[in-house]
Structure formats: structure tokens, C-alpha cells
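Each chain, letter by letter, is given below.
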Amino acid sequence: MTVSKSLFVVLCAGGVFSAALVSSCGGKGHPADVADSAFRAVSEVYTADRTYPGYNGVDSCSLSLRAQVEWPVEFGSADIEPLQAAIGELVFDNRGAGDVGAMLDSFLTATDDYGLDIDNKVVGAPASMNPVAAYERQLSVARVELNRDMVSYNIVDMSYMGGAHPNTYSRAFTYVFEPGEVLTADNLFAADSMSVVFAAVNRQAAYKFDVQPGELTKAGFFENAIGVSPLLSIQGGMVVFHYNPYEVAPYSFGAIDVAVAPWEIEQALTPLGKRLLCVKE
């Protein structure tokens, strides 16, 4: 196994921000907001990879596993243990008991998950092997946005186990420092207001694909309306709903993001949602 680690530190002070570090409210804060948000952000980036020789029942094969994880270490004075636990749950199915090294090791050694005859005691495909089939899985976790209230990450899990094309599962998620939890539809929206969210998502999907609301099949979707995706995040001051290939449209569409502005769903937001999106009570 090859594992490497690098340190990534951002100091936010005096209005200086990195591309992934913005003030609250999608960068719309006043100078005082920027000064108040000064804090130290520290992440460690882990990369790991391993290749095994094997047999797929017909021919010789190789299985290559690769991962790159941006692991949170410090975000100001925020308690990030729940964030680390959330990454462990969402990315690694809680393997590794919260230790990033153990989680990566579990990812690289769980070869029984792939339905191949792999001897995980043998690492690296010998040059003389020349496998007939080459399979792979690549996993990445990267921070995409940070402010004093929350941090958002993007997860991409791509695998190729034969067939016409790779399969990719992706999602973004937002972790809120106070109250220390992952953002979901349950804590972002009032339970009796989901019809408002549904209508806004479908309006924006129709606008994005240049059709009228209720006519998404004209753009190639499976149905004329799409549901409210549970894969949501806050990015750039918008609520972004994410749909993976085949969920609402053919594979050729790729992953689809539908971004909804706060004013479109204002009446559906919980007090937490209004605070994060800077909507007045």
C-alpha cells in the first residue's frame, strides 16, 4: 500500500480568502462580517493506492484501488469530530472507527466487495502477468466551500468493473458547525412545506434544460417532474440538489445539479436554513 499525506492550512484574516473560503451568505457579507470570520482552517490530504492481480472467473485481471481524502483537522474553534464521523459514515460506511488511516486501509483491503478472485496478500500486478481485464475504483473527498457557519465537501466514487462505461456515484454535503450536524432536508426545510421546494426544483430544472415546467421529458428526462433529491448542499449561497446518472435521466446526461436561490424557497426554510442562507426571519 502506498499512502502519502500533505498538510493544507488557510489563515482567514483581514478579508483574505482562498478560492474555497468565502464569507457567510455566499460571499455577500459586509466587511465587518469578514473580519469576524477570521479563523484557521487546517486539512490533511491523504492519498493511497494499491493494485492486485486476480481472476474474474474467465480471464486474468487486475484490480486497482485509489483514494484521495481531504481530512478536516481544524476549523477555528468548531468541534469537528461529528464532521469526521460524517465523512466516515458517508464515504467509508463507518469502517475504521473514525481513524482516517484505518478507513483508507479498510478501503484498500476489502477486496471481497468486488466479486473477483483476489488474493489481497499479493500486491502489484507482475509485469509478466499482462492481465486480460483491468478493473478499478477511485474515491475522492474534497472540500469545495468553507465559511464561519459551514463547510461543504464533494464526494466522487468511480468504479469500472467491465461493461460499456464506468459507474460514478457522487454527492456533495454540507456540515453546519452549529449545531454540529450534516445538512438534510429535515433540518433545512419545514416538513409541511416540501411542496414549495418541489415546485422550485422543477422550475429550475426546466429552466436549466430550456423547457417548460412539467415538460422535462421533452429534454430527455424519464418523467416530466423530478423529486426533491436528498443529496443536497449549500454552495455559492444556493441550495444545490444533486442527481446521479440514471436517477432522473439517461447516463449520457451525467450527474445533474439543480441550484435553487433562497428567495424561491424562503417560506419553506427552517430557522436554521434562514440563518445559513441569510434570509431574514
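Refer to the structure above for everything that follows.
Keep in mind that this is a model prediction, so the values were computed, not measured.

Thoughts on the overall build of the chain
Then step 1. Along its length, the chain carries seven helices and 11 strands.
Then step 2. The buried share among the 281 residues of the chain stands at 43%.
Then step 3. For the chain, the share of sequence-separated contacts (at least 6 apart) that also reach a separation of at least 24 residues comes to 63%.
Then step 4. If you sum the accessible surface of the chain, you get close to 13,600 Å²; carbon and sulfur atoms cover 51% of it.

Focus: the sheet that holds strand E11 (residues 256-260)
Then step 1. With antiparallel pairing, the three strands of this open sheet are ordered in space as E9-E10-E11. For this open sheet the edge positions go to strand E9 (232-235) and E11, each flanked by a neighbour on one side alone. Between one strand axis and the next, the sheet turns through 30 degrees on average, direction left out of account.
Then step 2. Examined bridge by bridge, E9 and strand E10 (residues 238-243) share four bridges and lie antiparallel to one another. The residue of E10 that forms the bridge with glutamine 235 is methionine 238.
Then step 3. Across the sheet, helix H6 (residues 194-208) touches E10 and E11, and the angle it forms with E11 is around 120 degrees.

Here's the deal with the nonpolar core
Then step 1. The biggest cluster of nonpolar side chains holds 36 residues, and the ones touching the most others in it are Phe75, Leu83, Phe92, Leu104, Phe107, Val151 and Tyr153.
Then step 2. Among the elements of the structure, strand E2 (39-55), strand E3 (60-75), helix H3 (81-92), helix H4 (100-109), strand E5 (133-146), strand E6 (150-160) and strand E7 (167-176) are those that each provide at least two residues to this core.
Then step 3. For this core, the element with the most residues is E3, which contributes seven residues.
Then step 4. Residues Val196, Val260, Ile265 and Leu277 belong to the second largest nonpolar core, which totals 32 residues.

A few points about the pattern of salt bridges
Then step 1. Overall, the coordinates contain seven salt bridges when judged by the stated rule.
Then step 2. Note that arginine 40 and glutamate 74 form a salt bridge whose closest N and O atoms lie 3.2 Å from each other. Taken as a pair, arginine 40 in strand E2 and glutamate 74 in strand E3 lie far apart in primary sequence, 34 residues in all.
Then step 3. For arginine 40, a relative accessible area of 39% translates into the label partly exposed.
Then step 4. Of the charged contacts, one joins aspartate 149 and arginine 275 as a salt bridge, the two residues approaching to 3.9 Å between their closest N and O atoms. On the criterion of sequence distance, the pair formed by aspartate 149 in the loop between E5 and E6 and arginine 275 in helix H7 (residues 271-276) is long-range, its members being 126 residues apart.
Then step 5. For aspartate 149, a relative accessible area of 18% corresponds to the buried category.

What to know about the packing of aromatic side chains
By convention here, two paired aromatic rings are described through the distance between centres and the angle between planes.
Then step 1. This structure, assessed with the given rule, holds eight aromatic pairs.
Then step 2. Seen in terms of ring centroids, phenylalanine 221 and phenylalanine 253 are 5.6 Å apart; in terms of plane orientation they differ by 75 degrees. Their pairing is edge-to-face. Of this pair, phenylalanine 221 sits in the loop between H6 and E9 while phenylalanine 253 sits in the loop between E10 and E11, and the two are 32 residues apart along the sequence.
Then step 3. Residue classification places phenylalanine 221 among the buried residues on the basis of a relative accessible area of 4%.
Then step 4. On the basis of relative accessibility, which here comes to 27%, the residue phenylalanine 253 falls in the partly exposed class.

Notes on H6
Since one α-helical turn is 3.6 residues long, residues separated by three or four positions face the same way.
Then step 1. In this model, H6 (15 residues) spans 21 Å end to end at C-alpha, consistent with the 21 Å of a helix rising 1.5 Å per residue.
Then step 2. All of the buried residues along H6 are Val196, Val197, Ala200, Val201, Asn202, Ala205 and Ala206.

Considering the pairing of E10
Then step 1. Of all six residues in E10, five are buried; the element is thus mostly enclosed.
Then step 2. Between E9 and E10, which follow one another and run antiparallel, lie two residues, and glycine 236 among them has a positive phi close to 60 degrees.
Then step 3. Of the pairings in the sheet, the one linking E10 to E11 comprises five bridges and is antiparallel in character. Across the sheet, the residue bridging to histidine 242 is aspartate 257, located in E11.

Re unusual backbone geometry
Then step 1. Proline 179 follows glutamate 178 through a cis peptide bond whose omega is 25 degrees.
Then step 2. With respect to the helices and strands, the residue proline 179 is situated in the loop between E7 and strand E8 (181-182).
Then step 3. A positive phi is found at aspartate 210, a non-glycine position, where the angle reads about 60 degrees.
Then step 4. Tracing the backbone shows aspartate 210 in the loop between H6 and E9.

The rules behind these values
Residues numbered from 1 in each chain as written. Predicted model: local features only at pLDDT ≥ 70, side-chain atom pairs only at ≥ 80, totals over all residues. Heavy atoms only, no water. Helix = DSSP H or I, 4+ residues; strand = E, 2+ residues; numbered from the N terminus. Buried < 20%, exposed > 50% of the residue type's maximum accessible area, 1.4 Å probe, protein only. Contact = heavy atoms within 4.5 Å. Areas by Shrake-Rupley, 256 points an atom, 1.4 Å probe, with all protein chains shown as cover. Pairing = 2+ DSSP bridges. Axes fitted to C-alpha atoms, helices over the stretch in contact; angles between N-to-C directions. Core = buried A, V, L, I, M, F, W, Y, C linked by side-chain atoms within 4.5 Å. Salt bridge = Lys/Arg side-chain N within 4 Å of Asp/Glu carboxyl O. Phe/Tyr/Trp six-rings, centres within 6.5 Å; stacked < 30°, edge-to-face > 60°. Expected span 1.5 Å × (residues − 1).

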